[in-house]
Every structure is written in structure tokens, then in C-alpha cells.
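Notes for the structure review
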Amino acid sequence: MEFTEAYKQTGPCCFSPNSRYVAVANDYRLVIRDTFSFQVVQLFSCLDKISYIEWALDSEYILCGLYKKPMIQAWSLTQPEWTCKIDEGPAGVSYARWSPDSRHILTTSEFQLRLTVWSLLNTACVHVQWPKHGSKGVSFDKDGKFAAICTRRDCKDYVNLLSCQSWEIMGSFAVDTLDLADLEWSPDDSSIVVWDSPLEYKVLIYSPDGRCLFKYQAYECGLGVKTVSWSPCGQFLAIGSYDQMLRVLNHLTWKTFAEFLHLSTVRAPCCAAIFKEVDEPLQLDMSELSLDDNFMPSNYDASEGYISVRYEVMDLPVALPFQKPLVDKPNPKQGVGLLAWSKDSQYICTRNDSMPTALWIWDMQRLEVAAILVQKEPIRAAVWDPTCTRLLLCTGSSHLYMWTPSGAFCVCSPLPGFSITDLKWNIDGSCLLLKDKDAFCCATVPPLPESSDYSSDD
């Protein structure tokens with residue numbers, strides 16, 4: 001892997017959908033860099049500190065959320081002199097997003113009073129009253145023709161279907177939830193999944209015309225659903241719950257065909273490879289080198305050497321680090337808080353928040369755990385390569401961790417003092433964006449060979 005130098009940032013950073021640019025928030029300035037040369041191609045000055053940025057799908061426009069102001073500013077890469085400012089007045093702005101056609105911006109006001117669709121073509125706007133959430137509760141179908149928007153009125157949750165061409169309400173139906181948490185279109189646009197708040201375990205599958213296809217409730221009298229995700233192929237629906245279990249439903253009968261439990265102790269006959277991050281001191285013998293005393297750093301200790309890390313394959317049984325959640329505080333750190341599918345839908349990775357240093361990788365063909373990565377620090381983020389079966393994760397250290405079906409290994413960042421707290425792929429899987437607290441860099445990732453020989457000793 002090759003790393004760029006570190007660049008300053010004070011907020012969000014993201015690749016453009018066409019992978020040609022990377023947008024970086026630096027206080028009130030929006031910096032657009034070319035991903036090949038990393039030269040600044042555009043520099044826009046906003047009216048306040050940037051809290052959020054999002055590219056339009058055509059990579060021609062980009063919006064900036066100035067939520068402290070509060071207002072939205074949008075910019076054009078092809079027409080730098082073009083500007084757009086959206087100000088809801090006393091209603092404020094809590095969130096903004098692009099529509100699939102890249103020519104409309106959807107904003108949600110403070111206190112969820114209304115959702116407004118703003119047109120960049122004719123300055124027209126359409127209002128949807130009483131949206132349920134600010135940043136959640138809106139989902140577009142794969143074709144970009146319809147938007148499903150959650151609303152709440154008269155103490156009841158509804159799903160409104162809007163046309164993304166005319167922005168007229170094409171239909172509306174009530175859903176059987178006490179306090180709707182979120183919704184998401186299926187990848188094949190045939191259904192919409194809706195799930196309730198953690199206080200009520202309830203997952204509902206609806207057709208676009210409002211028919212309830214299936215109601216799923218794994219248990220009662222306990223904290224319920226924490227994460228939900230469709231597989232990229234659209235055949236599976238994964239549900240992570242507060243009872244530390246991952247359940248997978250199929251799209252034909254909507255029945256549960258797999259249940260995976262995150263055990264604190266892994267015993268035989270488990271066939272999974274368990275990789276544990278361990279320190280590996282590098283002893284440097286410099287006795288034969290003739291160097292001036294001023295050349296050596298004052299804090300260098302030849303007896304200690306430098307510290308690197310590697311993965312060590314553990315023998316069963318293995319006890320995983322477990323944190324008992326506090327019962328006297330809200331939002332307990334337990335249950336499946338991280339859930340992500342691989343591109344081919346064969347693998348799914350999870351993190352049980354009671355075991356924040358362990359990442360579980362499940363094989364959906366064999367219906368068993370394929371690997372467990374045990375880190376020294378809690379896992380901050382884990383993302384799949386968008387082009388192949390390769391998983392990368394970070395823990396806030398200077399190392400990057402990678403897993404493939406052939407093994408796992410660690411990569412150390414060459415940038416001094418750079419701690420990786422977040423990471424994002426570009427769309428073609430050739431470049432990775434790594435974030436530190438106040439800086440970012442990019443790394444080029446070589447493509448995997450067809451028969452990977454990676455192992456934990458690499």
C-alpha cells in the first residue's frame with residue numbers, strides 16, 4: 001500500500017461518486033482535491049463552519065450543511081460562480097440530502113416540522129408535513145423513481161410514497177409500529193422494511209402499495225432491534241438485536257434461516273480462524289554502526305526497540321474480552337451495533353458492543369463463523385471493499401487491519417502520529433480515505449490476486 005501525505009481537516013471528508021475528487025471540510029472552507037494528484041481544484045468559502053457534506057450522484061454538485069447557522073449551501077464544480085443558499089428561517093435546518101436526480105435537495109427542519117424538497121432547476125419547493133426523523137426515515141428506491149418518507153400524525157406512524165419527478169404523494173399507508181425507528185427499500189425495489197424503536201422488537205415488511213407482507217418479532221419484554229441491513233443481492237435481511245444475536249431472514253418466505261450468537265468464549269468444534277493482535281518488538285542491532293551521538297534521538301532506547309503489531313492465530317478455547325453493560329445508564333453498550341455485508345453477499349461482519357474489540361465474520365454459505373479478529377483497542381469502523389471480498393478495519397491506532405478469506409494481516413501507517421479513526425472506500429476500490437482527529441490521508445490499495453496468498457504472518 002502507498003500512502004499520501006497528511007492534509008488538514010476539521011470535519012467530514014468523502015470521495016465523489018465518480019471517484020475523481022475528494023471533498024474536505026476545513027472550518028468554513030470546502031476544499032476539493034483531485035484524487036490522482038491531490039492538488040486543490042476548487043476552494044469554496046461558506047458562511048459558517050461546515051458540519052456535513054454530501055455529493056450529488058452525478059458528482060457535479062456538492063452541498064454543505066451549516067447546521068449551527070442553520071442553513072445549506074450548495075456548489076457546482078463545473079460552474080464555480082454558481083451558488084445556492086437554503087435558509088428555512090425560524091424553522092431551521094437539521095439535515096439535508098440529495099435526491100437521486102442530483103437536481104433537488106431535501107431538507108428537514110428543526111423539531112421535524114416539515115420536510116422540504118428544493119429544486120435547483122426552477123427554485124420551486126414542495127413541503128411534506130411532520131417527518132418522523134431528521135437524518136433518518138427517508139429512503140429512495142434503486143431506480144430513483146420513488147422516495148419513501150416516514151411521517152407521524154395523530155400519534156400514528158405513516159409511510160408516504162413520493163414521485164421523484166413531480167414530488168407528488170403517490171400513496172400513503174399506516175404502519176404497525178409504536179415508534180418507528182427507520183425504513184429501507186429492498187435492493188430489488190419489491191418491498192420496504194420498517195422497524196420499531198429498541199423498546200419494541202418489531203420488524204415489518206411492506207409492499208410499495210401498503211400491504212404488510214410479514215411481521216417478525218423474535219422476542220418480547222426486552223430491548224429489541226439495533227441494526228438492520230439488506231444484503232446487496234436483496235435475498236437476505238440481517239437483523240442485529242440487543243440480545244447479542246444476528247438473525248437473517250430470506251426474501252421468499254421471510255422466515256429466519258440463520259441465527260448467530262456472539263459467545264464470550266469460543267470452543268470446539270468451531271472451525272473459525274481466530275486472529276489476535278499482538279505486539280511484535282523490533283530489535284535493532286546498531287552496535288556496528290558508526291554514528292555521531294547527535295544523530296541518535298534523545299528518547300531512543302536500543303533495549304526496547306520499536307513496536308510493531310501482527311496477528312497471531314489462537315488455539316481453542318478462546319475467551320474474548322467482555323464488558324458488562326451498566327444497568328443504571330441508558331443506551332447500554334450491548335447488542336449488534338455494527339453490521340456490514342460483503343459485495344457478493346457471502347460474508348457479513350458484526351461487532352457485539354459488549355465485546356467492542358472483537359469483529360465476527362460470518363459465512364452465509366456455510367452458515368457459520370468464518371473468522372474472528374480480536375484487536376487490542378475497540379473497533380472504530382469496518383468497511384468491505386466494493387469490488388472484492390476484502391475487509392478493512394481501524395481501531396484508532398496507527399495501524400490498518402485487513403482480512404480476506406485467505407487470512408489477515410496488519411499495515412502500519414508511515415505517517416508519524418497519525419491515528420486512524422475512520423476509513424472510507426472510493427467506488428472502484430482503488431483508494432482508501434483514512435481520517436485522524438484533525439487530518440486525513442489516502443492510501444492506494446492493490447487489487448487482490450485471484451488466488452490470494454495473504455496470511456497472518458505477512
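What you see is a predicted model, and the numbers here were worked out from it, not measured in a lab.

Another aspect to go through is the overall build of the protein. In terms of helices and strands, the protein carries zero helices and 41 strands. For the protein, buried positions account for 53% of its 458 residues. Once local pairs closer than 6 in sequence are excluded, the contacts in the protein between residues at least 24 apart make up 45%. Surface summary for the protein: the accessible area is close to 21700 Å², and the carbon and sulfur share equals 51%. In the protein, the 39 positive side-chain charges and the 56 negative ones have mean positions that sit 8 Å from each other.

On to the packing of aromatic side chains, then. Evaluation of the coordinates by the stated rule reveals 21 aromatic pairs. Aromatic pair Phe-236 and Trp-341: ring centres 5.9 Å apart, planes at 15°, arrangement stacked. Of this pair, Phe-236 sits in strand β24 (residues 236-241) while Trp-341 sits in strand β31 (residues 336-341), placing them 105 residues apart in sequence. A single burial state applies to Phe-236 and to Trp-341, both of which are buried. Where Trp-360 meets Trp-362, the ring centres are 5.5 Å apart and the plane angle is 10°; that geometry is what we call stacked. Taking relative accessible area as the criterion, Trp-360 reaches 3% and is therefore assigned buried.

Another point: the confidence of the model for the protein. Any residue range with low pLDDT should be treated as having predicted coordinates unsuitable for detailed reading. Scored by pLDDT, the protein comes out at a mean of 91, with 92% of its residues at no less than 70. In the model of the protein, strand β29 (residues 306-313) stands out as the element of lowest mean pLDDT, 83, in contrast to strand β20 (residues 192-196), which has the highest, 98. With pLDDT under 50 throughout, residues 295-305 is counted as low confidence; its partners more than four residues away or in other chains account for 10 contacts. Throughout residues 451-458 the model reports pLDDT below 50, and contacts reaching past four residues in sequence, or to other chains, amount to 17 contacts.

Now for the sheet that holds strand β23 (residues 225-230). Across the sheet, four strands lie side by side as β23-β24-β25-β26; this open sheet has antiparallel pairing. Each edge of the open sheet is held by one strand with a lone partner, namely β23 and β26 (256-261). Averaged over all adjacent pairs, the angle separating strand axes in this sheet is 20°, with direction ignored.

With that settled, consider the side chain of Gln-375. For Gln-375, the location among the structural elements is in the loop between β34 (368-374) and β35 (381-384). For Gln-375, a relative accessible area of 4% corresponds to the buried category. At 2.5 Å, the side chain of Gln-375 and the side chain of Tyr-311 are in polar contact. When sequence neighbours within four positions are dropped, the list of residues in contact with Gln-375 reads Glu-277, Tyr-311, Thr-357, Leu-393, Thr-395 and Tyr-401.

Before going further, it helps to examine the pairing of strand β41 (residues 439-444). Counting buried residues in β41 gives five out of six residues, a clear majority hidden from the surface. Alignment of strand β1 (residues 2-3) against β41, held across two bridges, turns out to be antiparallel. Residue Glu-2 lies in a different strand from β41, and its bridge partner there is Thr-444. Pairing geometry for strand β2 (residues 7-8) and β41, over two bridges, is antiparallel.

Conventions we followed
- Residues numbered from 1 in each chain as written.
- Predicted model: local features only at pLDDT ≥ 70, side-chain atom pairs only at ≥ 80, totals over all residues.
- Heavy atoms only, no water.
- Helix = DSSP H or I, 4+ residues; strand = E, 2+ residues; numbered from the N terminus.
- Buried < 20%, exposed > 50% of the residue type's maximum accessible area, 1.4 Å probe, protein only.
- Contact = heavy atoms within 4.5 Å.
- Areas by Shrake-Rupley, 256 points an atom, 1.4 Å probe, with all protein chains shown as cover.
- Lys, Arg positive; Asp, Glu negative; His and termini not counted.
- Charge placed at Lys NZ, Arg CZ, Asp CG, Glu CD.
- Phe/Tyr/Trp six-rings, centres within 6.5 Å; stacked < 30°, edge-to-face > 60°.
- pLDDT = per-residue confidence, 0-100.
- Pairing = 2+ DSSP bridges.
- Axes fitted to C-alpha atoms, helices over the stretch in contact; angles between N-to-C directions.
- Polar contact = N/O pair within 3.5 Å; in protein donor to acceptor, adjacent residues only side chain to side chain.

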